[in-house]
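# Observations on the three-dimensional arrangement
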There are 2 protein chains.
Amino acid sequence: MSFSPLIVRLMDALQCLPGVGPKSAQRMVLHLLERDRQGASQLSEALKAAVEGVGHCQRCRTLTEKDICDICTHPERDGEQLCVVETPADVLAIEQAGGYSGHYFVLMGHLSPIDGVGPEDIGVDQLLAQVETDGVREVILATNPTVEGEATAHYIASALRKLGVKVSRIAHGVPLGGELEYIDGGTLMHAFAGRRELVD
Amino acid sequence: MSFSPLIVRLMDALQCLPGVGPKSAQRMVLHLLERDRQGASQLSEALKAAVEGVGHCQRCRTLTEKDICDICTHPERDGEQLCVVETPADVLAIEQAGGYSGHYFVLMGHLSPIDGVGPEDIGVDQLLAQVETDGVREVILATNPTVEGEATAHYIASALRKLGVKVSRIAHGVPLGGELEYIDGGTLMHAFAGRRELVD
Ligand SMILES: [Zn+2]
Ligand SMILES: [Zn+2]
């Protein structure tokens, strides 16, 4: 004997969430049905509303329920700087770090020939068109320091070269507060290669 | 700038799930909206269906969408044995272990005076009435070997004593395949106290 069909269905459905396997799905179902049915209903409604309402910003491609997102329409953001990132989470991380007040362009992924993800899938044409028509002076490439992120940054950099816009890449190296002995070798090599002369 | 309202609402709602904090909720939202909208819709529907459809079995109190659950109505289960457990997950664990073919009574918790959970909340009256009218010959107490589970088992055992039914408690001790040196002291003491003479 197993759980009843509606419970089994919910246990299966919860496993679409990253990091949720059969055991934690079971714990979640029992928790919701025994102790938090209101939370379960609110989650059901929130999922439905997000799936139906959230699309992509027509300018920067980030996830939003508006045609153009709040950052793209904000009157005090600097339209001359455009920061290219892989995901909406990267936008949030940069916003939370503070200090950057330009616009973004969200690739919603990175180039990955193996998975069939080409330049058109990450919106490179749209990016080039916007840079050309919107008065962008500097494109800051903030894709991840992974093999795919680096390849994507290089591809975009060479596509932008003919437009005569300044293209920069965010610095990679030892994180602030990081201890050298715990940093991986790739990062350390990167930090050495990117060393700058100290001037006083 | 933060995420848009529908995304923030979904991130908040996901945190009703046990073990899900802000960081994993964010990862889940982005995963669902970027890569698995169909899964998100199915999860929304499954939650709604379960909240609206799943109640408690009128006999054993386990979670089910039927008035009486499949175990209680199964013609080949032995109605003379009644196993008392704390949660529907315990029923599943015993079913998966195999070997038990009697009925269950699910307390949906344990006695906890501090949290205001008394005998009426865990259905003790209903349990006594069923034992009296349904021809139960043995009640097997399989509450957890915790302080609350033991107290609950003792309370139910003394309530059952006047009914003249056989009452037993599942054995606790060193798990099969467990190595003594890794077993906690309480379990070891329990295993010694519960030792049985070997006869050949
Ligand atoms: Zn935007
Ligand atoms: Zn039942």
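Up top is the structure.
Here is a short report on the structure shown in this document. (Residues numbered from 1 in each chain as written. Chains lettered and ligands numbered in written order. Predicted model: local features only at pLDDT ≥ 70, side-chain atom pairs only at ≥ 80, totals over all residues. Heavy atoms only, no water.)

### Some remarks on the packing of aromatic side chains
For the record, the criterion: Paired rings are identified among Phe, Tyr and Trp, the last through its six-membered ring, by centres lying within 6.5 Å, and are further divided according to the angle between planes into stacked (under 30 degrees), edge-to-face (over 60) and tilted (the rest).
Under the criterion given, the structure shown has two aromatic pairs over all chains. Centroid distance A:Tyr100 to A:Tyr104: 5.2 Å. Interplanar angle 65°. Geometry classified as edge-to-face.

### Remarks on the sheet that holds strand S3 (residues 78-85) of chain A
For sheets, the rule is that strands pair by backbone hydrogen bonds, running either parallel or antiparallel. Residues and elements named next belong to chain A. We count it as follows: A pair of strands is considered paired only if DSSP assigns at least 2 bridges between the two. Secondary structure elements follow DSSP: runs of H or I of four or more residues count as helices, runs of E of two or more count as strands, with numbering from the N terminus. Axes here mean lines fitted to C-alpha atoms, for a helix over just the part in contact, with angles spanning 0 to 180 degrees between N-to-C directions. Should any heavy atoms of two residues lie within 4.5 Å, those residues are considered in contact.
The strand order S4-S3-S5-S6 describes an open sheet built from four strands, whose pairing is parallel. Each end of this open sheet is capped by a strand with a single partner; those strands are strand S4 (102-106) and strand S6 (166-169). In this sheet, neighbouring strand axes are inclined to one another by 25° on average, regardless of whether the strands run parallel or antiparallel. Bridge count for strand S5 (residues 138-141) against S6 is four bridges, and the pairing is parallel. Bridged to Leu-141 within S6 is Arg-169. Contacting S3 and S4, helix H5 (residues 88-97) crosses the sheet at an angle of about 155° to S4.

### A look at the environment of A:Arg59
All names here are of chain A. Stated formally: Residues adjacent in sequence count toward polar contacts only when both atoms are side-chain atoms; beyond that, a polar contact is any pair of N or O atoms within 3.5 Å, and within protein one must be able to donate a hydrogen and the other to accept it.
Mapped onto the elements of the fold, Arg-59 is located in the loop between strand S1 (55-56) and strand S2 (63-64). Between the C-alpha atom of Arg-59 and that of Tyr-104, which follows or precedes it by 45 residues, the distance is 8.9 Å. Not counting chain neighbours up to four residues away, the residues in contact with Arg-59 comprise Ile-68, Cys-72, His-103, Phe-105, Gln-126, Gln-130 and Asp-134. At a separation of 2.9 Å, a polar atom in the side chain of Arg-59 contacts the side chain of Asp-134.

### Concerning the sheet that holds strand S3 (residues 78-85) of chain B
All names here are of chain B. Judged by pairing direction, the sheet is parallel, and its four strands sit side by side in the order S4-S3-S5-S6 without closing on themselves. Where the open sheet ends on each side, the last strands, each with one partner, are strand S4 (102-106) and strand S6 (166-169). Taking each pair of neighbouring strands and ignoring which way they run, the sheet shows an average axis angle of 25°. Here five bridges tie S3 to S4, and the two strands are oriented parallel to one another.

### Focus: the interface of chain B and chain A
Worth spelling out the cut-off: Reported buried area values correspond to the accessible surface (1.4 Å probe) lost by two parts on association, with both partners' losses combined.
Each side of the interface is counted separately: chain B has 54 residues, and chain A has 54 residues. Regarding the contact of chain B and chain A, the summed buried area is about 4900 Å², with carbon and sulfur atoms giving 73% of it. Summed over the shared surface of chain B and chain A, the result is nine residue pairs in polar contact (both at pLDDT 80 or more). The set of elements that each furnish at least two residues to the side of chain B that touches chain A consists of helix H1 (5-14), helix H2 (22-35), helix H3 (37-53), strand S2 (63-64), helix H4 (70-73) and helix H5 (88-97) of chain B. Ranked by residues supplied to the side of chain B that touches chain A, first place goes to H3(B) with 15 residues.

### Describing the relation of the copies chain B and chain A
Both copies of the chain are placed relative to one another by a rotation about an axis and a shift along it. Spelled out, the test is: For this overlay, a least-squares fit was computed on C-alpha atoms, restricted to residues scoring pLDDT of at least 70 in both copies.
The operation relating chain B to chain A is a screw motion whose rotation component is 180°, with 0.0 Å of axial translation and a residual RMSD of 0.1 Å. On the angle and the small slide along the axis, the relation comes out as a two-fold axis. Minimal C-alpha distance to the rotation axis in chain B is attained by B:Ser44, lying at 2.1 Å.

### Some details on H5(A)
Cut-off, in case you're wondering: Note on exposure labels: buried denotes an accessible area under 20% of the residue type's maximum, exposed denotes more than 50%, and partly exposed covers the range between, all computed with a 1.4 Å probe on protein chains only.
Along H5(A), the residues that are buried comprise A:Pro88, A:Ala89, A:Asp90, A:Val91, A:Leu92 and A:Glu95. Summarising the contacts, the buried residues of H5(A) are in contact with S2, helix H4 (70-73), S3 and S4 of chain A together with H2 of chain B. Looking one or two residues past H5(A), A:Gly98 carries a phi angle of roughly 80°, positive in sign.

### A word on the coordination of the zinc ion (ligand 1)
Residue and element names in this part refer to chain A. What counts is decided by this rule: Note that water is not among the atoms used; donors are N, O and S atoms within 2.8 Å of the metal (3.2 Å for Na, K and Ca), so sites may look incomplete. Square planar and octahedral assignments, for four and six donors respectively, both demand that opposite donors be over 155 degrees apart and that all other angles lie between 65 and 115; tetrahedral needs four donors with all angles between 85 and 135 degrees, and anything else is irregular.
Listed as protein donors to the zinc ion (ligand 1) are Cys-57 (SG), Cys-60 (SG), Cys-69 (SG) and Cys-72 (SG); their distances from the metal cover 2.3 Å. Considering all four donor atoms around the zinc ion (ligand 1), the spread of angles at the metal, 106 to 121°, places the coordination shape in the tetrahedral class. Read in sequence order, the donor residues coordinating the zinc ion (ligand 1) give the pattern C-x2-C-x8-C-x2-C. One exposure class covers both Cys-60 and Cys-69, and it is buried.

### Structural notes on the coordination of the zinc ion (ligand 2)
All names here are of chain B. For the zinc ion (ligand 2), the full set of protein donor atoms is Cys-57 (SG), Cys-60 (SG), Cys-69 (SG) and Cys-72 (SG), and the range of their distances to it is 2.3 Å. With four donor atoms in place around the zinc ion (ligand 2) and angles of 106 to 119° between them, the coordination shape is tetrahedral. Look at Cys-57 and you get buried, because its relative accessible area is 2%.

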